[in-house]
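# Observations on the three-dimensional arrangement
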Amino acid sequence: MKQKYLWLALPLLALANHLAFAQTRLPEIPLEQYSAEQKAAAQEFEAARKKAPWGPFAMLMYSPQMMNNARSMGDYLRYKTAFDSHLSEFAILITAREWHQDYEWHIHYPIAIQSGLNPEIAKAIKEGRRPEGMSSDESIVYDFTMELQRNKRVSDTTFAKTEKRFGKKGAVDLAGIAGYYTFLAMEMNMARHPVPGGGERLPRFPD
């Protein structure tokens, strides 16, 4: 391509990349097209969550049994772990940021703030910085989750701090939160699941 036409091509390439990202690979299945297995799974989901499958769960209806198994694990990891909502949502935001998962961040950012997370801490996570001014509990959750996401392991020092504060159950639960939201992030990234209402995308970090 000649140099003088390059400035014309670049915006078109950017637009093509945006459209490719925006087009979901797993569009929501119309209710009237549900198979018998999907109908049964939707009924089970609604009995547990008091509403029809939505967001990533609607996307996972292509594999209805896996969808409900994921919902069941989520029921525990969202509401019944050793961590309050504030710390749990903090771990979810860290996971969403590490996976560049726009939908996950879009949904959980307001929940985290409402649960008591300082917006400046969330901003640091969004920008890829270690937050300043974290509480001791937040520091434990940050170190544990970041080590799992980036190093694929947790150091002895970080595990000892987590166990001392939250017990072995807490260590298992925190790894479970990071793992569960990594699973959802992988599914949504694979499917190019869109952000609701054209919401803001997270800034991408260089490879």
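What counts and what doesn't
- Residues numbered from 1 in each chain as written.
- Predicted model: local features only at pLDDT ≥ 70, side-chain atom pairs only at ≥ 80, totals over all residues.
- Heavy atoms only, no water.
- Helix = DSSP H or I, 4+ residues; strand = E, 2+ residues; numbered from the N terminus.
- Expected span 1.5 Å × (residues − 1).
- Buried < 20%, exposed > 50% of the residue type's maximum accessible area, 1.4 Å probe, protein only.
- Arc of directions from axis to C-beta.
- Contact = heavy atoms within 4.5 Å.
- Salt bridge = Lys/Arg side-chain N within 4 Å of Asp/Glu carboxyl O.
- Phe/Tyr/Trp six-rings, centres within 6.5 Å; stacked < 30°, edge-to-face > 60°.

What follows concerns unusual backbone geometry. Here Lys50, not a glycine, exhibits a phi torsion of approximately 65°, which is positive. Its location among the elements puts Lys50 in the loop between helix H2 (36–49) and helix H3 (55–59). A positive phi angle, near 65°, is found at Lys152, a position not held by glycine. Following the sequence through the fold, Lys152 ends up in the loop between helix H8 (136–151) and helix H9 (156–191).

With 14 residues, H2 should cover 20 Å at 1.5 Å per step; its first-to-last C-alpha distance of 20 Å lies within 8% of that length. Here H2 has its buried residues at Gln38, Ala41, Ala42, Phe45 and Arg49. Taken down its axis, H2 places every buried residue within 100° of arc, on the same side. Away from its buried face by more than 90 degrees, H2 exposes Ala36, Gln43 and Ala47. Structurally, H2 contributes buried residues whose contacts are with H3 and helix H4 (64–79).

Another point: the pattern of salt bridges. As enumerated under the stated definition, the model contains twelve salt bridges in all. Measuring nitrogen to oxygen at the nearest pair gives 3.4 Å for the salt bridge that ties Arg78 to Glu89. Of the two residues, Arg78 sits in helix H4 while Glu89 sits in helix H5 (residues 85–98), which places them eleven residues apart along the sequence. The class of Arg78 is partly exposed, set by a relative accessible area of 24%. In this structure, the salt-bridge partner of Lys168 is Glu163, at a minimum N-O distance of 2.4 Å. On the accessibility criterion, Lys168 (54% relative accessible area) is exposed. A cluster of three or more residues bridged by salt bridges with shared partners is formed by Glu44, Arg49, Arg71 and Asp75.

Per the stated rule, a full pass over the model turns up six aromatic pairs. For the pair Phe83 and Phe166, a centre-to-centre distance of 4.5 Å together with 45° between the ring planes defines the contact as tilted. Here Phe166 lies in helix H9 and Phe83 lies in the loop between H4 and H5, a separation of 83 residues in the sequence. No difference in accessibility class separates Phe83 from Phe166, as the two residues are buried. Aromatic ring contacts, followed pair by pair, group Phe45, Trp54 and Phe57 into a single cluster.

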